[in-house]
Amino acid sequence: MSDRDMKKEARGFSEEVVSEDGVVVVKWLDNRTVCLVSNCVGKGLEDQAKRWDKTNSQYVQISRPEVVKKYNHSMGGVDLLDQLISLYRILIRSKKWTLRVTMHMIDFALVNSWLEYKKDCQPCNVPKKKIMDLLDFRMTIAESLIKMGQKVPSDKRGRPSSSFSATSPASPHPVKRKVETRPLVEVQFDRVDHMPQFDDKKEATRCKVAECKGRSHVFCEKCRVHLCINKNRNCFLTFHRSSK
Ligand SMILES: [Zn+2]
Ligand SMILES: [Zn+2]
């Protein structure tokens, strides 16, 4: 119905249209018309809402579609979601709405997953300092999507890599890093392209297998951590085989 026709009806009047695949559009007359779209509920079970009636200077009860009730109940969460999405929104220059919606859905899923993750951290007794913030969370997912199950880019192969742990190539200022960073578990156990390389350092580096006190010149090209591999122990193998 057009707004004009709708305003001839009593306040609280609503109309709904359902598509073949179950998307419902509800138009409701409050002090003006409101449109809501949902794949969950439409007019549903209408209830009553209290409104101020200006012309008669008194409160009145008007009908309210279920979708409006549900929206009012959850709009705090919708606002929070919108706000969190706006923090690290995927930059897309394309004006195509299909692409923009797709990117929005990725942002949407990432924020909701992060909220679920934070909820799960409590029963799992994750210490507060260890809980990832939204940016870390997004970076972790990005990194595992890029590296998990993937080969090491071929231009890295064969290049002398002895200095990989001393400087960070991503940083414009060379930062001395004493500790090797650990790969993500998703990458560590993906069984793709973990190849040993020999460094050309003077001193051997501590092996990164937790129980091992050994030192090694051998490192994993993909994980970028040092691991023993010799007659007595094969930490290279231990490190890459999940105990699960
Ligand atoms: Zn590895
Ligand atoms: Zn070792």
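This structure is a prediction, so every number in the text was calculated from the model and none was measured. (Residues numbered from 1 in each chain as written. Chains lettered and ligands numbered in written order. Predicted model: local features only at pLDDT ≥ 70, side-chain atom pairs only at ≥ 80, totals over all residues. Heavy atoms only, no water.)

A. Up close: the overall build of the protein. When its secondary structure is counted, the protein shows six helices and nine strands. Taking all 244 residues of the protein together, 29% fall into the buried category. Taking the contacts inside the protein whose residues are at least 6 apart along the sequence as the reference set, 40% of them involve residues at least 24 apart. Of the roughly 17700 Å² that the protein leaves accessible, carbon and sulfur atoms contribute 55%. (Helix = DSSP H or I, 4+ residues; strand = E, 2+ residues; numbered from the N terminus. Buried < 20%, exposed > 50% of the residue type's maximum accessible area, 1.4 Å probe, protein only. Contact = heavy atoms within 4.5 Å. Areas by Shrake-Rupley, 256 points an atom, 1.4 Å probe, with all protein chains shown as cover.)

B. Structural view of the packing of aromatic side chains. Per the counting criterion, the structure on display carries two aromatic pairs. Ring plane angle 70 degrees and centroid distance 5.0 Å describe the contact between Trp 52 and Tyr 59, whose orientation is recorded as edge-to-face. For Trp 52, a relative accessible area of 43% gives the class partly exposed. Summarising the aromatic geometry, the rings of Tyr 117 and Phe 137 are spaced 5.2 Å apart at their centres and angled 35 degrees between planes, so their arrangement reads as tilted. Taken together, the residues span a long stretch of sequence, with Tyr 117 in helix α3 (residues 97-121) and Phe 137 in helix α4 (residues 134-147) at a distance of 20 residues. Note on Tyr 117: relative accessible area 19%, which makes it buried. In this arrangement the basic side chain of Lys 50 is found over the ring face of Tyr 59, its NZ or CZ atom lying 4.7 Å from the centre. (Phe/Tyr/Trp six-rings, centres within 6.5 Å; stacked < 30°, edge-to-face > 60°. Lys NZ or Arg CZ within 6 Å of the ring centre and 35° of its normal.)

C. Just the coordination of the zinc ion (ligand 2), in detail. Summarising the metal site, the zinc ion (ligand 2) is bound by the protein donors Cys 207 (SG), Cys 212 (SG), Cys 228 (SG) and Cys 235 (SG), whose distances to it range over 2.2 to 2.3 Å. Of note is the zinc ion (ligand 2), whose four donor atoms meet at the metal with angles of 103 to 115 degrees in an arrangement that counts as tetrahedral. Here Cys 235 falls in the buried class, since its relative accessible area comes to 5%. (Donors = N, O, S within 2.8 Å, 3.2 Å for Na, K, Ca; no water. Tetrahedral: all angles 85-135°; square planar, octahedral: opposite > 155°, others 65-115°.)

D. Structural context of the pattern of salt bridges. What the rule picks out here adds up to nine salt bridges. Asp 5 is paired through a salt bridge with Lys 8; the nearest N and O atoms lie 3.4 Å apart. Given the relative accessible area of 64%, Lys 8 is considered exposed. For Arg 138, the salt bridge identified is with Asp 107, shortest N-O distance 2.8 Å. Here Arg 138, found in helix α4, pairs with Asp 107, found in helix α3; they are 31 residues apart in sequence, far enough to count as distant. (Salt bridge = Lys/Arg side-chain N within 4 Å of Asp/Glu carboxyl O.)

E. Just the packing of α3 against α4, in detail. Closest axis-to-axis distance for the α3/α4 pair is 10 Å, and the angle between their directions is 115 degrees. Here α3 lies roughly perpendicular to α4, going by the angle between them. In the crossing of α3 with α4, the sense of the turn from one axis to the other is right-handed. Every residue of α4 that contacts α3 at Asp 107, Leu 110, Val 111, Ser 113, Trp 114 and Tyr 117 is listed here: Leu 134, Phe 137, Arg 138 and Ile 141. In terms of residue class, the contact of α3 with α4 is built from seven nonpolar, one polar and two charged. (Axes fitted to C-alpha atoms, helices over the stretch in contact; angles between N-to-C directions. Parallel < 35°, antiparallel > 145°, perpendicular 65-115°, else oblique. Left-handed = near helix turned anticlockwise from the far one by under 90°. Nonpolar A, V, L, I, M, F, W, Y, C, P; charged D, E, K, R; others polar.)

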